Amino acid sequence: MTEARYLDDATTHEFEATVETVRGTDRVVLDRTYFYPTGGGQPHDTGTLSAGGETWDVTDVRKRDRIEHVVAGDAPDTGTTLTGAVDAARRRAHSRYHTAQHLLSAVLLDEFDAETTGNQLYADHAHLDCAYDRFDGDDLRTIETRLNDLVASDLPVRWYSLDREEAEATLDPDRTRLHLLPDSIREVRIVEIGDADDPFDRTACAGTHVESTGDIGTVSVAGRTTQGSAHERVNFVLE
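Residues numbered from 1 in each chain as written. Predicted model: local features only at pLDDT ≥ 70, side-chain atom pairs only at ≥ 80, totals over all residues. Heavy atoms only, no water.

(A) Representation of the overall build of the protein in the model. A tally of helices and strands in the protein yields four helices and 15 strands. Principal axes of the C-alpha set define a box for the protein whose edges measure 60 × 40 × 35 Å. Taking all 239 residues of the protein together, the buried fraction comes to 49%. A total accessible area of about 11,000 Å² is found for the protein, and carbon and sulfur atoms account for 44% of it. Across the protein, the centroid of the 24 positively charged side chains sits 3 Å from that of the 47 negatively charged ones. (Helix = DSSP H or I, 4+ residues; strand = E, 2+ residues; numbered from the N terminus. Buried < 20%, exposed > 50% of the residue type's maximum accessible area, 1.4 Å probe, protein only. Areas by Shrake-Rupley, 256 points an atom, 1.4 Å probe, with all protein chains shown as cover. Lys, Arg positive; Asp, Glu negative; His and termini not counted. Charge placed at Lys NZ, Arg CZ, Asp CG, Glu CD.)

(B) A look at the pairing of strand β10 (residues 126-131). With five of six residues buried, β10 is to be regarded as a mostly interior element. Examined bridge by bridge, strand β9 (residues 116-121) and β10 share five bridges and lie antiparallel to one another. In the strand pairing of β10, leucine 121 is matched with alanine 126. The antiparallel pairing of β9 with β10 creates a hairpin that spans four residues between the two strands. In this structure, β10 lies alongside strand β15 (residues 231-238), joined through six bridges in antiparallel fashion. By the bridge assignment, cysteine 130 is partnered in β15 with glutamate 232. (Pairing = 2+ DSSP bridges.)

(C) Spatial organisation of the pattern of salt bridges. Tallying each qualifying case throughout the model produces 16 salt bridges. Here aspartate 65 ties to arginine 23 by a salt bridge, and the two come within 3.0 Å at their closest N and O atoms. Taken as a pair, aspartate 65 in the loop between β6 (54-63) and β7 (67-71) and arginine 23 in strand β2 (residues 14-23) lie far apart in primary sequence, 42 residues in all. Note on aspartate 65: relative accessible area 53%, which makes it exposed. Connected through shared salt-bridge partners, Arg23, Arg27, Arg64, Asp65 and Glu68 make up one network. (Salt bridge = Lys/Arg side-chain N within 4 Å of Asp/Glu carboxyl O.)

(D) Inspection of the packing of helix α1 (residues 88-112) against helix α2 (residues 137-152) at higher detail. Contact geometry for α1 and α2: axes closest at 10 Å, N-to-C directions at 125°. One element, α1, and the other, α2, form an angle in the oblique class. Crossing geometry of α1 relative to α2 is assigned as right-handed. Where α1 approaches α2, its residues Ala100, Leu103, Leu104, Val107, Leu108, Asp110, Glu111 and Phe112 are matched on the opposing element by Asp139, Thr142, Ile143, Arg146, Leu147, Leu150 and Val151. Classifying every residue of the contact of α1 with α2 gives 10 nonpolar, one polar and four charged. (Axes fitted to C-alpha atoms, helices over the stretch in contact; angles between N-to-C directions. Parallel < 35°, antiparallel > 145°, perpendicular 65-115°, else oblique. Left-handed = near helix turned anticlockwise from the far one by under 90°. Contact = heavy atoms within 4.5 Å. Nonpolar A, V, L, I, M, F, W, Y, C, P; charged D, E, K, R; others polar.)

(E) Inspection of α1 at higher detail. The end-to-end C-alpha distance of α1, which contains 25 residues, comes to 35 Å, matching closely the 36 Å that a straight helix rising 1.5 Å per residue would cover. The element α1 is largely enclosed, with a buried count of 19 among its 25 residues. A side-chain oxygen of the first residue of α1 lies 3.1 Å from the backbone nitrogen of alanine 89; this N-cap is aspartate 87. Count one or two residues on from α1 and you reach aspartate 113, which has phi positive near 55°. (Expected span 1.5 Å × (residues − 1). Polar contact = N/O pair within 3.5 Å; in protein donor to acceptor, adjacent residues only side chain to side chain.)

(F) Main features of the side chain of aspartate 45. Within the secondary structure, aspartate 45 is located in the loop between β4 (32-33) and β5 (47-51). Under the relative-accessibility criterion, aspartate 45 is labelled buried at 0%. Within the structure, aspartate 45 has its side chain in polar contact with the backbone nitrogen of tyrosine 36 (distance 2.7 Å). Among the polar contacts listed, one links the side chain of aspartate 45 to the side chain of arginine 91, at a separation of 2.6 Å. The contacts of aspartate 45, once residues within four sequence positions are left out, are Tyr34, Phe35, Tyr36, Val61, Val86, Arg90 and Arg91.

(G) How the structure looks around the packing of aromatic side chains. Under the definition given, this model contains seven aromatic pairs. Their ring planes at 75° and their centres at 5.9 Å tell us that phenylalanine 15 and phenylalanine 35 sit as a pair that is edge-to-face. With phenylalanine 15 in strand β2 and phenylalanine 35 in the loop between β4 and β5, the pair connects residues that are 20 residues apart, well separated along the chain. No difference in accessibility class separates phenylalanine 15 from phenylalanine 35, as the two residues are buried. With a centroid separation of 5.5 Å and 70° between ring planes, the pair formed by phenylalanine 112 and tyrosine 132 is classed as edge-to-face. In this pair, phenylalanine 112 is assigned in helix α1 and tyrosine 132 in the loop between β10 and α2, connecting sequence segments 20 residues apart. The exposure class of tyrosine 132 is partly exposed, given its relative accessible area of 23%. (Phe/Tyr/Trp six-rings, centres within 6.5 Å; stacked < 30°, edge-to-face > 60°.)

Right, here's the structure in full:
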């Protein structure tokens, strides 16, 4: 089983690992990795694997029964010890947008009782879908102001693992959204934003995040679109 070290440490971008197996000709399974696989609305990391003077570009990372690193060209041999290097700029962009999405989900729930139903982030923009009839211009300005106030407050961001039964018994289900997780997941990773005793947001999430809201930067709400009956999409960008 690959050690998914990005779950505990989102700031390490270079690491040593060993190839445990190769699938097909271009999918590498490592004993440990800091590469984030596509999931939870967050795209995969990219970067390189290097060994013996040879370098392979990592073009995709997928989580199936194992974490697979898709490389350009023929993969390194099983047993190879190599150096992995994650594209730090791409990772940081995804982390900033993912933390901003958590703030947006919390603001929408607080201000409009609008539950998040989906999200997708990229390196230069993101959107969030929620259960709400329609936002108007004043609503969007309110959302943007609240988000930037939270960024300016420089709230701490932290994450930890918790037994699912304990999480379901002790945490707010509307905020954690544990019901969206498959029943097979028995240990959940919780991301909190704000004071440890009374966090502004507490959500089950396996994505990468910045360490404080001040790292997000200025948030601009770029508009909204209707996503079917009683669902809205809020688009936003970071500066």
